[in-house]
Amino acid sequence: MMKLLRAGFRRVCKSKLPWIGLAAAFLNGVIMALNTRVICDYLDDIYLLSFFVILSVVISLMIGAEHSSGALRNMVTSGHSKATIYFSQLTVYLAFTLAAGLLYLGVFAVSMIGYDGTLPKGVLLISAVGFLLVALSYTVILVTVALLISQKAINAVACLLVVMATVFSAYALIDALGQPKMIRIVYDETDGVTTDFGTGAIEIGKDETGDGVTTVYEPNPRYIGGAARKIVEGVVYAIPYGAMLQYMDIINPCFASDEMPFTLSAEETTQLKILPFVSLAVCLFVGGVGWLCFRKKELK
């Protein structure tokens with residue numbers, strides 16, 4: 001194991017691609033800080049997405065190159081077990097991700113010195129740790145995908161698609177959870193037209209009538225409630241990008257300089273306690289499944 005680790009770290013240090021990835025993470029952190037300070041007064045998740053794309057490019061191309069050169073096959077013929085190969089690769093790229101994440105957070109924090117928003121250190125520290133755990137969970141997923149796909153080009157595309165799939169699925173599920181419990185429907189009796197005028201959190205049966213117009217509040221069939229809501233929330237937390245969006249929703253008010261003093265709701269406090277453990281569970285689960293699948297893969 002130690003021999004493979006030394007060889008893996010040596011390859012990463014000698015290759016230009018990981019250094020380009022670190023430089024891109026550094027630049028990304030600077031741009032995100034400038035965007036937050038000068039333009040938005042909130043964190044834009046496009047810069048977090050770009051960080052995860054950087055990870056996917058570096059990991060997929062580096063491991064793809066090892067497939068192409070036959071390095072992984074040679075490790076097996078040299079007597080190393082597939083489990084040792086899998087976990088050595090995982091360790092190397094987890095270390096790279098940790099270095100890139102700390103660089104990203106460090107340059108962002110330094111760039112935000114003197115910012116006049118409300119910046120509670122405890123909440124930001126937990127969120128920073130959460131970001132690193134999300135990045136590590138992405139790394140476990142990407143390393144597993146990269147090791148299971150031998151073709152370098154397909155490897156890179158698959159890893160990028162995995163990242164984008166987590167983005168779209170997280171947004172879709174969060175949108176579903178954001179559906180209101182009630183909808184407001186306006187019946188225009190004069191024109192005989194029924195128009196949906198959006199949403200309203202009004203009690204069932206509280207209708208309004210006047211001037212030939214009847215407003216009715218009815219249950220929203222798209223609202224997710226009960227046990228199904230808890231399940232969907234759990235899925236959002238388990239999707240790395242979904243967890244990242246939850247952290248952003250919690251800490252974004254910190255960066256609004258004209259907002260009231262920052263406070264956490266009971267739900268947000270619970271989320272900060274749960275999310276890190278969910279990310280750790282994702283790392284362990286995907287790592288275990290990846291190890292079992294890689295054991296059965298025929299290396300060419």
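Everything that follows concerns the structure shown earlier in this document.
Residues numbered from 1 in each chain as written. Predicted model: local features only at pLDDT ≥ 70, side-chain atom pairs only at ≥ 80, totals over all residues. Heavy atoms only, no water.

Asks: Give a detailed account of the overall build of the protein chain, specifying residues and quantitative values.
Replies: Across its full length, the protein chain carries 10 helices and four strands. Secondary structure elements of the protein chain occur, N-terminal to C-terminal, as α-α-α-α-α-α-α-β-β-β-β-α-α-α. Evaluated residue by residue, the protein chain yields a buried proportion of 44% over its 300 residues. Considering only intrachain contacts with a sequence separation of at least 6, the fraction spanning at least 24 residues in the protein chain is 78%. Carbon and sulfur atoms make up 67% of the accessible area of the protein chain, which amounts to about 15400 Å² in all. (Helix = DSSP H or I, 4+ residues; strand = E, 2+ residues; numbered from the N terminus. Buried < 20%, exposed > 50% of the residue type's maximum accessible area, 1.4 Å probe, protein only. Contact = heavy atoms within 4.5 Å. Areas by Shrake-Rupley, 256 points an atom, 1.4 Å probe, with all protein chains shown as cover.)

Asks: Got a sec to walk through the packing of aromatic side chains? Specific residues and values, please.
Replies: Taken as a whole and judged by the stated rule, the model has 11 aromatic pairs. Ring geometry for Phe52 against Tyr241: centres 6.2 Å apart, planes inclined by 80 degrees, an arrangement best described as edge-to-face. Of this pair, Phe52 sits in helix α3 (residues 45-69) while Tyr241 is found in helix α9 (residues 240-251), placing the two residues 189 residues apart along the sequence. Each of the two residues, Phe52 as well as Tyr241, counts as buried. The interplanar angle of 35 degrees and the centroid separation of 6.1 Å between the aromatic rings of Tyr86 and Phe294 together place this pair among those described as tilted. Residue Tyr86 is found in helix α5 (residues 82-111), and its partner Phe294 is found in helix α10 (residues 266-296); the two are separated by 208 residues along the sequence. (Phe/Tyr/Trp six-rings, centres within 6.5 Å; stacked < 30°, edge-to-face > 60°.)

Asks: So what's going on with the packing of helix α6 (residues 121-148) against α10? Residues and values would help.
Replies: At their nearest, the axes of α6 and α10 sit 9 Å apart, and the two run at 15 degrees to each other. Classed by the angle they form, the pair α6 and α10 counts as roughly parallel. You can see that α6 and α10 cross each other, and the crossing is left-handed. Within the contact between the two elements, α6 uses Val123, Ile126, Ser127, Leu133, Val134, Leu136, Ser137, Val140, Ile141, Thr144, Leu147 and Leu148 and α10 uses Leu272, Pro276, Ser279, Leu280, Val282, Cys283, Val286, Gly287, Gly290, Cys293 and Phe294. Looking at the contact of α6 with α10 residue by residue, the class counts come to 17 nonpolar, six polar and no charged. (Axes fitted to C-alpha atoms, helices over the stretch in contact; angles between N-to-C directions. Parallel < 35°, antiparallel > 145°, perpendicular 65-115°, else oblique. Left-handed = near helix turned anticlockwise from the far one by under 90°. Nonpolar A, V, L, I, M, F, W, Y, C, P; charged D, E, K, R; others polar.)

Asks: Now, about the nonpolar core: what can you tell me, with residues and values included?
Replies: In this structure, Leu48, Phe51, Phe52, Tyr93, Phe131, Tyr241 and Met244 are the most contacted members of the largest nonpolar core, which totals 75 residues. Residue contributions to this core peak at 15 residues, all from α6. Setting aside residues up to four positions removed in sequence, Leu48 forms contacts with Met32, Tyr104, Phe131, Met244 and Met248. (Core = buried A, V, L, I, M, F, W, Y, C linked by side-chain atoms within 4.5 Å.)

Asks: Talk me through the pattern of salt bridges; I want residue IDs and the actual numbers.
Replies: Scanning the entire structure with this criterion turns up two salt bridges. Here Arg229 and Glu233 are joined by a salt bridge, their closest N and O atoms 3.8 Å apart. Taken together, the positions of Arg229 and Glu233, both in helix α8 (residues 226-238) and four residues apart, correspond to about one turn of that helix. Judged by relative accessible area, which is 18%, Glu233 ranks as buried. (Salt bridge = Lys/Arg side-chain N within 4 Å of Asp/Glu carboxyl O.)

Asks: Outline the packing of helix α1 (residues 2-14) against α5, supporting the account with residue identities and numerical values.
Replies: Across the interface, α1 lies against α5 with an axial gap of 9 Å and an inter-helix angle of 40 degrees. By the angle between their axes, α1 is oblique relative to α5. For the pair α1 and α5, the crossing hand works out as right-handed. Contacts from Leu4, Leu5, Gly8, Phe9, Arg11 and Val12 in α1 reach Thr84, Ile85, Ser88, Gln89, Thr91, Val92, Tyr93 and Ala95 in α5. Partitioned by chemical class, the residues of the contact of α1 with α5 number eight nonpolar, five polar and one charged.

Asks: Report on the environment of Leu148, specifying residues and quantitative values.
Replies: Mapped onto the fold, Leu148 is located in helix α6. With relative accessibility at 29%, the residue Leu148 sits in the partly exposed group. Taking the C-alpha atoms as reference points, Leu148 and Arg295, separated by 147 residues in sequence, lie 9.9 Å from one another. Sequence-distant contacts of Leu148, defined by excluding residues within four places in its chain, comprise Cys293, Phe294 and Lys297.

Asks: Outline α8, supporting the account with residue identities and numerical values.
Replies: Note: α-helices contain 3.6 residues per turn, so residues at a spacing of three or four share the same orientation. Taking 1.5 Å as the rise per residue, α8 with 13 residues should run 18 Å; its terminal C-alpha atoms sit 19 Å apart, in good agreement. Buried within α8 we find Arg229, Val232, Glu233, Val236 and Tyr237. Along the axis of α8, the buried residues cluster in a sector spanning 140 degrees; they form a single face. Away from its buried face, by an angle of more than 90 degrees, α8 presents the exposed residues Ala227, Lys230 and Ile231. The secondary structure elements touched by the buried residues of α8 are α7 (152-177), α9 and α10. (Expected span 1.5 Å × (residues − 1). Arc of directions from axis to C-beta.)

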